[in-house]
Structures are given as structure tokens and as C-alpha cells.
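Chain residues, written in single-letter form:
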Amino acid sequence: RDDDDINDVASMAGVNLNEESARIMATNSDLVGTQIQSCKDEPFLAAIPLHKRILETAKKLGITDVPAEVVTFISHATQNRLRTVIEKVTVITQHRMESYKDDEWYEQATDVRSQLKFFEQLERLEKQRKDEQEREILLKAAKSRSRQEDPEQARLKQKAKEMQQQELAQMRQRDANLTALAAIGPRKKRKLDAPGLLTIGGEGVGLCAGSQAGLGTASPRQYPRQKITRVNLRDFIFYMEQEREMSHSLLLYRALLK
């Protein structure tokens, strides 16, 4: 043996590489070196309309012939670009939908929803106070017994009469609804998820534990709900503002105007 055989680990272990290669080729001779996997090159966009559109643009630049390979390449580039846009906008939407209320590393600084509810309650109380004042004015005008009435006093009396009629109609409607609910009685909830009951065509079919099919009590089947990510215009505007190519584009300004 030569001195180079000392560094040959396979020879030192007693493994003949030539014999192992011949054995592998004999076992998988139809697979080694002959397995080919290919996929059909399908364009993402319709080739004929896209080719016409490219030719219209190319004629303006003095180009008269555009090969089919260019059309295929532009179609794949469009698909790749659209996939990138959808992925980025989806990430933006998921970040917007994340909630940090239960995260121990975050504390709530402001609560805009509670502030809005507080202002709405203030507006409601203010409106109720104004309605009460107007109601008192109308009731005073309706109780007045002055002989010489001006047109404003007559208008207030007419408005007070209409208000009383409206309140009386609302009370009657409320009493009629309560009477109808009392006549119907308490509503019973349908037991849709009761064990041993299947609903087929609106009719309940019971399954006994000792049936011949051996089904026993049937439990409602749980289907996993597919999580839907809903992207709105605000998410897409945020994406365009972050992109260098689209941050000053006409499309962004049109989206901001909507």
C-alpha cells in the first residue's frame, strides 16, 4: 500500500467502495441517475391579452416584436409580485389584530373606547335634559288659560298635544307587547346538541345505546373553524406608505382620497 492509504478511512474500516457502488447500482439501477421531476410552466396571466398589452406599450417605444418568452417572464414576475404584496399586507393585518391585553409585558396607557362611551353618555344625558326642558315648556303652554293667544302659544299647544298623543301611543304599544309575550309564555330553547340526537332534514332521530349499529350516544362533531384574515383599505395604505416605490405613487394618493 502507498502512504496515501493511511488517510483512507474507508479502507482502514475494511469497506470496499467499488463493491458498494456496484451493489447500489445493481439494486436501484432504474432509479439512480434517471429520476426526473419537472412541472409544467403555466403562466399566471392570460397570454394573449397580456401579449397584446405588451405590444401596445412596446410600439410607443419603437419595438415591433416581443417574443413569447418575454410574456411568460412578465406573467411570472406579476405572480411573484402579487404574492409578495399579499404576504406583506397579511402580516400587517395580523399585527393590527393582535391583542396585548393579557400580556404581562404591556400595560394599558389609554382606553379610547371607554372615553368614547363616556362622551356618548354625556351627550345622551344632555339630550335627555334638553328633552325634559322642552317637555316642561310644552306642558306649561298646554295648561295656560290665557284668552289672547299669540301664534307662538298656539304652536306650542299643538306641539304639546302631539307629544302627549305620541307618548300615549308608545305606552299602548308597550302594553300590547307585554300582553303578547305573556300570552306566548316563556320560549323554550331547542336542544340541538343533546346527546343521542341527530338532526336530519329538520327531524330529530334518536340513537339508542343498544342499537344494532353499535353507535351509542352521538356527540356533536366539531369542525375546526378556518381563521379568516380580513384586509381593509387602511392596511393596504400602510403597506404602500412603507414601500419605497409606492410611497409617492398616484395610487397611494387615490387611496387616501377614498
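Rules used in this analysis
- Residues numbered from 1 in each chain as written.
- Predicted model: local features only at pLDDT ≥ 70, side-chain atom pairs only at ≥ 80, totals over all residues.
- Heavy atoms only, no water.
- Helix = DSSP H or I, 4+ residues; strand = E, 2+ residues; numbered from the N terminus.
- Buried < 20%, exposed > 50% of the residue type's maximum accessible area, 1.4 Å probe, protein only.
- Contact = heavy atoms within 4.5 Å.
- Areas by Shrake-Rupley, 256 points an atom, 1.4 Å probe, with all protein chains shown as cover.
- Polar contact = N/O pair within 3.5 Å; in protein donor to acceptor, adjacent residues only side chain to side chain.
- Expected span 1.5 Å × (residues − 1).
- Axes fitted to C-alpha atoms, helices over the stretch in contact; angles between N-to-C directions.
- Parallel < 35°, antiparallel > 145°, perpendicular 65-115°, else oblique.
- Left-handed = near helix turned anticlockwise from the far one by under 90°.
- Nonpolar A, V, L, I, M, F, W, Y, C, P; charged D, E, K, R; others polar.
- Salt bridge = Lys/Arg side-chain N within 4 Å of Asp/Glu carboxyl O.
- Patch = residues over 30% accessible without salt bridge, like charges linked within 9 Å, V, L, I, M, F, W, Y side chains within 5 Å.
- Phe/Tyr/Trp six-rings, centres within 6.5 Å; stacked < 30°, edge-to-face > 60°.
- pLDDT = per-residue confidence, 0-100.
- Core = buried A, V, L, I, M, F, W, Y, C linked by side-chain atoms within 4.5 Å.
- 1 Å grid on protein atoms, 1.4 Å probe; cavity = no way out; pocket = protein on both sides within 12 Å on 5 of 7 lines; lining within 4 Å.
- Points joined across faces, edges and corners; volume = space filled by probe spheres on them.

Right, let's get into the overall build of the protein. For the protein, the count of helices and strands is eight helices and two strands. Secondary structure elements in the protein, listed N-terminal to C-terminal, are α-α-α-α-α-α-β-β-α-α. Of all 258 residues assigned to the protein, the portion counted as buried reaches 12%. Counting contacts in the protein only where the partners sit at least 6 residues apart, residues at least 24 apart contribute 44% of the total. Only carbon and sulfur atoms are counted for the fraction: they give 54% of the accessible area of the protein, which is about 23,900 Å².

What follows is about the side chain of serine 249. You can see serine 249 is positioned in the loop between helix H7 (233–242) and helix H8 (250–257). A polar side-chain atom of serine 249 sits 2.9 Å from the main-chain carbonyl oxygen of methionine 246.

Here the focus is helix H4 (residues 68–97). Helix length check: H4, at 30 residues, gives a terminal C-alpha distance of 44 Å against a target of 44 Å (1.5 Å per residue), a fit within 8%. Listed in full, the buried residues belonging to H4 are Val71, Ser75, Val85, Val89, Ile92 and Thr93. For H4, the elements touching its buried residues are helix H3 (47–60) and H7.

A few words now on the packing of helix H5 (residues 112–143) against helix H6 (residues 151–184). Packing of H5 against H6 brings their axes to within 8 Å, and their N-to-C directions diverge by 115°. Taken as axis vectors, H5 and H6 run roughly perpendicular relative to one another. Considering the relative orientation of H5 and H6, their crossing is left-handed. For the pair H5 and H6, the contacting residues are Glu134, Arg135, Leu138, Leu139, Ala141 and Ala142 in the first and Gln153, Leu156, Lys157, Lys159, Ala160, Met163, Gln164 and Glu167 in the second. Residues belonging to the contact of H5 with H6 are distributed by class as follows: seven nonpolar, two polar and five charged.

Tallied over the full model, the rule gives six salt bridges. Between glutamate 126 and arginine 129 there is a salt bridge whose closest N-O contact spans 2.3 Å. Here glutamate 126 pairs with arginine 129, and both are found in helix H5, just three residues apart, close to one helical turn. Given the relative accessible area of 34%, glutamate 126 is considered partly exposed. The exposure class of arginine 129 is partly exposed, given its relative accessible area of 41%.

Before going further, it helps to examine a nonpolar patch on the surface. On the surface, Phe118, Phe119, Leu122 and Leu125 cluster together into a nonpolar patch covering about 400 Å² of accessible area. Here leucine 125 lies in helix H5.

For the structure shown, the criterion picks out two aromatic pairs. Plain terms: the ring middles of phenylalanine 236 and tyrosine 239 are 5.9 Å apart, the flat faces sit at 40° to each other, and that makes the pair tilted. With phenylalanine 236 and tyrosine 239 both in helix H7 and three residues apart, the pair spans about one turn of that helix. Relative accessible area serves as the criterion here: at 2%, tyrosine 239 is assigned to the buried category.

Right, let's talk about the confidence of the model for the protein for a bit. The predicted model of the protein has a mean per-residue pLDDT of 77, with 73% of residues at 70 or higher. Here residues 194–218 is a poorly scored stretch, pLDDT under 50, and it has 22 contacts once near neighbours within four places are set aside; other chains count.

A few words now on the nonpolar core. Residues Val85, Val89, Ile92, Ile237, Tyr239, Met240, Met246, Leu252 and Ala255 constitute the largest nonpolar core, which totals nine residues. Elements represented by at least two residues in this core include exactly H4, H7 and H8. Excluding residues that lie within four positions of it along the chain, alanine 255 makes contacts with Leu233, Ile237 and Met240.

A few words now on the layout of surface pockets. A volume near 360 Å³ is recorded for the largest pocket. Forming the walls of the largest pocket are Ser99, Tyr100, Lys101, Asp103, Tyr106, Glu107, Gln108, Thr110, Asp111, Val112 and Arg113. Considering only residue class, the lining of the largest pocket consists of three nonpolar, three polar and five charged.

Attention now goes to the environment of threonine 90. Tracing the chain through its elements places threonine 90 in helix H4. Sequence-wise, threonine 90 and tyrosine 239 are 149 residues apart; in three dimensions their C-alpha atoms are separated by 10.0 Å.

The next thing to look at is the packing of H7 against H8. Packing of H7 against H8 brings their axes to within 10 Å, and their N-to-C directions diverge by 150°. Comparing their axes, H8 and H7 come out roughly antiparallel. For the element pair H7 and H8, the recorded crossing hand is left-handed. Residues Leu233, Ile237, Met240 and Glu241 of H7 form the contact with H8, whose participating residues are Leu251, Leu252, Ala255 and Leu256. A per-class count over the contact of H7 with H8 returns seven nonpolar, no polar and one charged.

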